[in-house]
Amino acid sequence: MAQVRLDNLKKTYPNGFKAIHGVDVDIQDGEFLVLVGPSGCGKSTLLRMIAGLESISEGVLTIGERQVNDLEPADRDIAMVFQNYALYPHMSVFDNMAYGLKIRGIDKSEIRERVKKAADILELTDEQLSRKPRQLSGGQRQRVAMGRAIVREPSVFLFDEPLSNLDAKLRVQMRIEIRQLQERLGITSVYVTHDQVEAMTLGHRLVVLNEGRVEQLGTPIELYERPASLFVAGFIGSPAMNFATAQINGQGTAVALPGGAEFTLAEGVYPSHADRTVTLGIRPEDLTLSEKAQDNCVLTASLVEHLGADTLVHGHFGTDQTDMTVRLSGIRRVEKAQQLPLEILPEKLHLFDPESEKRLA
Amino acid sequence: MIENRPFITVFCHLFLLLGVAIIAFPIWITFVAATHDAVRMVQIPLPLWPGDQFFENLDQTWNAGIAGGVNQGVAVMMFNSLVMAMMIAVGKIAISLLSAFAIVYFKFPFRMGFFWLIFITLMLPVEVRIIPTFEVVANLNMLNTYWGLSIPLIASATATFMFRQTFLTIPDELLEAARIDGAGPMRFFIDILLPMSRTNIAALFVILFIYGWNQYLWPLLITTDQNMNTIVMAIKQMLEAAEQAPQWNVIMMTTLLAMLPPVAVVIFMQKLFVKGLTETEK
């Protein structure tokens, strides 16, 4: 168990490509931190730098009290779970889990004990322990890969998209198992994924990465409620947040879309931004049907998707052609071209600077 | 596509049987010749059915060699051939494994340069470089030794290339997992690469053993001592031995014996051999 500190970590490849532009993160003891971002954002590179599989070009990495920049992966007191499991195909499940311990010269009886303990935690039977990895299903292989990490009793677990090779149903199940396991063992974990649902459900805190830079670091709820930039706002949440160019009025009390729709802003937050053009972000689930007959916020439906639990309505406000998605709970009978009066709480509106793409206030 | 026409089936089978006969007939003649005495073998027509001299011929060939010749029994030559073939096969596999390991897993300057350097030796078999190679072996005092017989034939571009391709199919994550488990390069090589290349090693062993066993020109050049002769070169020498009519019974018995080890290797390693050449799942 240990803290992990990333202090201005940078990675530049020999060909001059900068993959990581200085990342600062303090990972608390026992914390589950998720690195999330689109493919190519550098999240795997960052994880591999922590693991010691990629060299660190600049900055300091400490695990526990030790600076580990130049240590071999085996000496960093970490364990890693790979996307394709990376089990040794010619060894039995038991030997796969025991291999690292054998190399470290731990005596046989203790190895057997530790593997047994890990197998119990992961509900692997003795019969499965004697099989070869190829005789196991995807979910079982994933468990073995985690077992291999557990037996080492490391201070840090590193997960590199461990669930992406599983089918959707199994993924949900393993997600819960990983979360429970981490809570039970209390081992500091860093988890890489491109799946925002996985990120939101697993992490105590999330790091959203974009092109090698940290866009935002925070708890899942913080990221959802107060995204720091357009990138984070668009990345977190499904269906994605609606964006439209809008204008704040002279008093800073309301924001209007070019087509006429108008939304009241939270009081006293935006006076300094009066008269500005902004990018307005609205989550599909924050718009609700309005009881009041009002004419300034009416959506014209163009397409309706029934998901059962929810109904997604695509449409646009007034004459503005920006496509908006609204998520209404339950089954709603909405016809094409129907006019829906909507409302939204002022604090649910997200305003961003169109140039810097950062959040306003 | 399944065709169900009796004529085609019969025709195909006849054709296949003909093929088998063409391959098998010379071997049958060899066997028949090895069971008659020398006198019968120079009379016309040649016998087509086995005689009763098999064990006498075997005894003479194995222990004494050709009558009136300078050769001794075939037993010594069989042993020499076996040692040479084993040294070549094992040596080639060991060297190729290590060089492929270096080329695939280590970063060093001119890595690809070295790879191509190894690769172009494909164009330089012993027959092409025979004079300089003889010179080197002679200067190293390796004439008439097992080392001299095998070392010049050991370096192998084919095997290096094949192991390189095998190693390239092994996912990088395995190496990374091994690094995290604390395995150094040699442990990774021994614990993970070797067992994973098992079938390829077996397949290559079959090919290389036969290659080594069948060597003719090189042993002929560097062995002057009768005790170092190999069986393949001996067959040819027997034809010219003793300035008399060739003793076909002994020669054919020798041929028969010379065929046995490669056949045995193929039969016993067949399964691994096929697996090694076809298996793709890692």
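Scoring rules and cut-offs
Residues numbered from 1 in each chain as written. Chains lettered and ligands numbered in written order. Predicted model: local features only at pLDDT ≥ 70, side-chain atom pairs only at ≥ 80, totals over all residues. Heavy atoms only, no water. Helix = DSSP H or I, 4+ residues; strand = E, 2+ residues; numbered from the N terminus. Rg over C-alpha atoms; globule rule 2.2 N^0.38 Å. Buried < 20%, exposed > 50% of the residue type's maximum accessible area, 1.4 Å probe, protein only. Contact = heavy atoms within 4.5 Å. Areas by Shrake-Rupley, 256 points an atom, 1.4 Å probe, with all protein chains shown as cover. Lys, Arg positive; Asp, Glu negative; His and termini not counted. Charge placed at Lys NZ, Arg CZ, Asp CG, Glu CD. Buried area = accessible area lost by both parts, 1.4 Å probe. Salt bridge = Lys/Arg side-chain N within 4 Å of Asp/Glu carboxyl O. Polar contact = N/O pair within 3.5 Å; in protein donor to acceptor, adjacent residues only side chain to side chain. Domains from an automatic or database assignment. Nonpolar A, V, L, I, M, F, W, Y, C, P; charged D, E, K, R; others polar. Phe/Tyr/Trp six-rings, centres within 6.5 Å; stacked < 30°, edge-to-face > 60°. Patch = residues over 30% accessible without salt bridge, like charges linked within 9 Å, V, L, I, M, F, W, Y side chains within 5 Å. Pairing = 2+ DSSP bridges. Axes fitted to C-alpha atoms, helices over the stretch in contact; angles between N-to-C directions. Core = buried A, V, L, I, M, F, W, Y, C linked by side-chain atoms within 4.5 Å.

Scanning chain B from N- to C-terminus turns up 14 helices and zero strands. For chain B, the sequential pattern of α-helices and β-strands runs α-α-α-α-α-α-α-α-α-α-α-α-α-α. On C-alpha atoms alone, chain B measures out to a radius of gyration of 24 Å, which is more than a quarter above the 19 Å that the 2.2 N^0.38 rule sets for 282 residues. Viewed in the frame of its principal axes, chain B has a C-alpha envelope of about 75 × 65 × 30 Å. By the burial criterion, 39% of the 282 residues in chain B qualify as buried. Taking contacts inside chain B between residues at least 6 apart in sequence as the whole, the part at least 24 apart equals 71%. For chain B, the computed accessible surface area is about 15,700 Å², with 73% contributed by carbon and sulfur atoms. Between the centroid of the 14 positive side chains of chain B and the centroid of its 17 negative side chains there is a distance of 11 Å.

A word on the environment of B:Phe79. In this structure, B:Phe79 sits in helix α4 (residues 74-105). Each C-alpha atom of the pair B:Phe79 and B:Met228 lies 9.4 Å from the other, and the pair is 149 residues apart in sequence.

Contact residues are listed per partner, giving 18 residues for chain B and 23 residues for chain A. Summed over both sides, the interface between chain B and chain A buries roughly 1,800 Å², with carbon and sulfur atoms accounting for 61% of that surface. Taken as a group, B:Arg179, B:Ile180 and B:Asp181 account for 41% of the area that chain B buries against chain A, more than any other trio of residues on that side. Linking chain B with chain A are two salt bridges. Between A:Glu72 and B:Arg179 there is a salt bridge, and its shortest N-O distance comes to 3.8 Å. Linking chain B to chain A there are nine residue pairs in polar contact (both at pLDDT 80 or more).

So, about the domain arrangement of chain B. Interfaces are often sized by the accessible area lost when the parts come together. Residues and elements named next belong to chain B. What the domain assignment lists for chain B is domain 1 (6-63) and domain 2 (74-278). Between domain 1 and domain 2, the C-alpha centre-to-centre distance is 31 Å. Carbon and sulfur atoms make up 78% of the surface buried where domain 1 meets domain 2, a total of about 1,300 Å² over both sides. Where domain 1 packs against domain 2, one counts zero salt bridges. Run the count over domain 1 and domain 2 and you get zero residue pairs in polar contact (both at pLDDT 80 or more). In terms of residue count, the dominant contributor to the side of domain 1 that touches domain 2 is helix α3 (residues 54-64) (six residues). Its residues assigned to classes, the side of domain 1 that touches domain 2 shows ten nonpolar, five polar and one charged.

Tallied over the full model, the rule gives 19 salt bridges over all chains. A:Arg276 is the partner of A:Asp353 in a salt bridge, and the nearest nitrogen-oxygen pair spans 2.6 Å. Highlighted residues: A:Asp353 in the segment after β20 (350-352) and A:Arg276 in the loop between β13 (262-264) and β14 (277-282), separated in sequence by 77 residues. On the basis of relative accessibility, which here comes to 26%, the residue A:Arg276 falls in the partly exposed class. The salt bridge partner of A:Asp310 is A:Arg327, with a shortest N-O separation of 3.0 Å. Of this pair, A:Asp310 sits in strand β17 (residues 310-317) while A:Arg327 sits in strand β18 (residues 324-329), placing them 17 residues apart in sequence. Classification of A:Arg327 by relative accessible area gives partly exposed; the value is 25%. In the salt-bridge network here, residues are joined through shared partners; they are A:Lys11, A:Arg48, A:Glu54 and B:Glu176.

Looking now at the packing of aromatic side chains. Residues and elements named next belong to chain B. Tallied over the full model, the rule gives 28 aromatic pairs over all chains. Judged by centre distance (6.0 Å) and plane angle (55°), the rings of Phe108 and Phe114 are tilted. Under the relative-accessibility criterion, Phe108 is labelled partly exposed at 30%. Taking 5.4 Å as the distance between ring centres and 65° as the angle between the ring planes, the aromatic pair formed by Phe115 and Trp116 counts as edge-to-face. The exposure class assigned to Phe115 is buried, which follows from its relative accessible area of 3%. For Trp116, a relative accessible area of 47% corresponds to the partly exposed category.

On the surface, a cluster of positive charge is contributed by A:Arg134, B:Arg198, B:Lys271 and B:Lys275. Relative to the helices and strands, B:Lys271 is located in helix α14 (residues 248-278). The exposure class assigned to B:Lys271 is exposed, which follows from its relative accessible area of 74%.

A separate point is the side chain of A:Asn210. Residues and elements named next belong to chain A. Relative to the helices and strands, Asn210 is located in strand β9 (residues 205-210). Accessibility expressed as a relative area gives 17% for Asn210, which makes it buried. Beyond its immediate chain neighbours, meaning those up to four positions away, Asn210 contacts Cys41, Glu215 and Phe231.

Okay, the pairing of β18(A) next. All names here are of chain A. Here β17 pairs with β18 via six bridges, running antiparallel. Across the sheet, His314 pairs through a bridge with Thr325, a residue of β18. Where β17 folds back on β18, the antiparallel hairpin that results is connected by six residues, among which Gly318 adopts a positive phi of roughly 55°.

Residues and elements named next belong to chain B. For Gln215, the location among the structural elements is in the loop between α11 (198-213) and α12 (217-222). The class of Gln215 is buried, set by a relative accessible area of 7%. A polar contact of 3.4 Å, which involves the side chain of Gln215, links it to the backbone oxygen of Tyr211. Sequence-distant contacts of Gln215, that is, excluding residues within four places in its chain, are made with Met84, Ile88, Leu153, Thr230 and Val232.

With that settled, the discussion passes to the sheet that holds strand β2 (residues 18-27) of chain A. By way of backbone hydrogen bonds, the strands of a sheet pair with one another, either parallel or antiparallel. Residues and elements named next belong to chain A. Pairing is antiparallel across the open sheet formed by four strands, whose spatial order is β2-β1-β4-β5. Whereas interior strands pair on both sides, the edge strands pair on one side only; in this sheet they are β2 and β5 (66-67). Two elements, strand β1 (residues 4-12) and strand β4 (residues 58-63), share five bridges in a ladder whose sense is antiparallel. Bridge assignment links Leu6 to a residue of β4, and that residue is Leu61. Each of β1, β2 and β4 touches helix α1 (residues 43-51); the most contacted strand, β1, lies at about 115° to it.

The next subject is the nonpolar core. Counting 84 residues, the largest nonpolar core has A:Leu6, A:Leu158 and B:Phe167 as the members making the most contacts within it. Considering every element that reaches this core, the biggest residue donor is α4(B), with eleven residues. Summarising the domain contributions, this core has at least three residues from each of domain 1 (6-63) and domain 2 (74-278) of chain B. In this structure, A:Phe32, A:Leu101, A:Leu166 and A:Ala199 belong to the second largest nonpolar core, which totals 44 residues.

All names here are of chain A. Taken together, five strands build an open sheet; the order of strands is β13-β12-β11-β14-β20 and the sheet is antiparallel. The open sheet has two edge strands, β13 and β20, and neither has a second partner. Between one strand axis and the next, the sheet turns by 40° as a mean value, whatever way the strands run. Pairing geometry for strand β11 (residues 242-248) and β14, over six bridges, is antiparallel.

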